[in-house]
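Residues per chain, in single letters:
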Amino acid sequence: MLYAIISEDVKNSLERRLAARPDHLARLEKLRDEGRLVLAGPHPAVDAEDPGEAGFTGSLVVAEFDSLETAKAWADADPYMIAGVYAKVTVKPYKKVLP
């Protein structure tokens, strides 16, 4: 089943986010290579593709996992979580309708 992982950043976490980014991306690339990743990306803090020093307010990942518990465990082990980038993470089932 698909699950949405909706993360909210702590304020002023851009430096920590950038430091943990290579490990964070490696995990996403693994999901992609396994054919389980639907989409992933950050939420810019300002209305711009590159928010610069404004940074990001969180992230969204939609991917396939065996269960809600597995999806939560994957989210809990995210390098951004470990580095203190995320203040809150919500994981819930997701049903893709379109496209």
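Here the structure is a predicted model, which means the values were calculated and not measured.

Criteria and thresholds
- Residues numbered from 1 in each chain as written.
- Predicted model: local features only at pLDDT ≥ 70, side-chain atom pairs only at ≥ 80, totals over all residues.
- Heavy atoms only, no water.
- Pairing = 2+ DSSP bridges.
- Helix = DSSP H or I, 4+ residues; strand = E, 2+ residues; numbered from the N terminus.
- UniProt positions renumbered as here; feature names shortened; annotations may be inferred.
- Expected span 1.5 Å × (residues − 1).
- Contact = heavy atoms within 4.5 Å.
- Core = buried A, V, L, I, M, F, W, Y, C linked by side-chain atoms within 4.5 Å.
- Buried < 20%, exposed > 50% of the residue type's maximum accessible area, 1.4 Å probe, protein only.
- Axes fitted to C-alpha atoms, helices over the stretch in contact; angles between N-to-C directions.

What follows is about the pairing of strand 3 (residues 56-64). Here strand 1 (residues 2-9) runs beside strand 3; their pairing, made up of seven bridges, is antiparallel. By the bridge assignment for strand 3, Ile-5 is matched with Val-61. Here strand 2 (residues 37-44) runs beside strand 3; their pairing, made up of seven bridges, is antiparallel. In the sheet register, Leu-37 faces strand 3, and the bridge partner there is Ala-63.

A word on the UniProt feature "domain: YCII-related" (unreviewed entry) in the protein. Per the UniProt entry, the sites bearing "domain: YCII-related" (unreviewed entry) are residues 1-94 in this numbering. Strand forms 36% of residues 1-94 and helix 35%; the C-alpha atoms that close the span are 8 Å apart.

For helix 1 (residues 14-33), spanning 20 residues, the distance from its first C-alpha to its last is 27 Å, which sits close to the expected 28 Å at 1.5 Å a residue. Contacts made by the buried residues of helix 1 are with strand 1, strand 2, strand 3, helix 2 (68-76), helix 3 (79-82) and strand 4 (86-94). Just past helix 1, the residue Gly-35 takes up positive phi, approximately 75°.

The next subject is the nonpolar core. Tyr-3, Ile-5, Leu-28, Leu-31, Val-61, Ala-63, Phe-65, Ala-71, Trp-74, Ala-75 and Val-91 form the largest nonpolar core, which has eleven residues in total. Among the elements that make up this core, the one with the highest residue count is helix 2 (three residues). Ignoring anything within four residues of it in the chain, the contact list for Leu-28 reads Leu-37, Ala-40, Val-61 and Trp-74.

What follows deals with the sheet that holds strand 1. Through backbone hydrogen bonds, the strands of a sheet pair up, either in parallel or in antiparallel fashion. Read from one edge to the other, the open sheet built from four strands follows the order 2-3-1-4, with strand pairing classed as antiparallel. Edge positions in the sheet fall to strand 2 and strand 4, since each of these pairs with one other strand and no more. Across the sheet, the mean angle from the axis of one strand to that of its neighbour is 10°, orientation sign disregarded. Its contacts with the sheet put helix 1 on strand 1, strand 2, strand 3 and strand 4, and the angle it makes with strand 3 is roughly 10°. Helix 2 rests against strand 1 and strand 4 of the sheet, and its axis sits at about 155° to strand 4.

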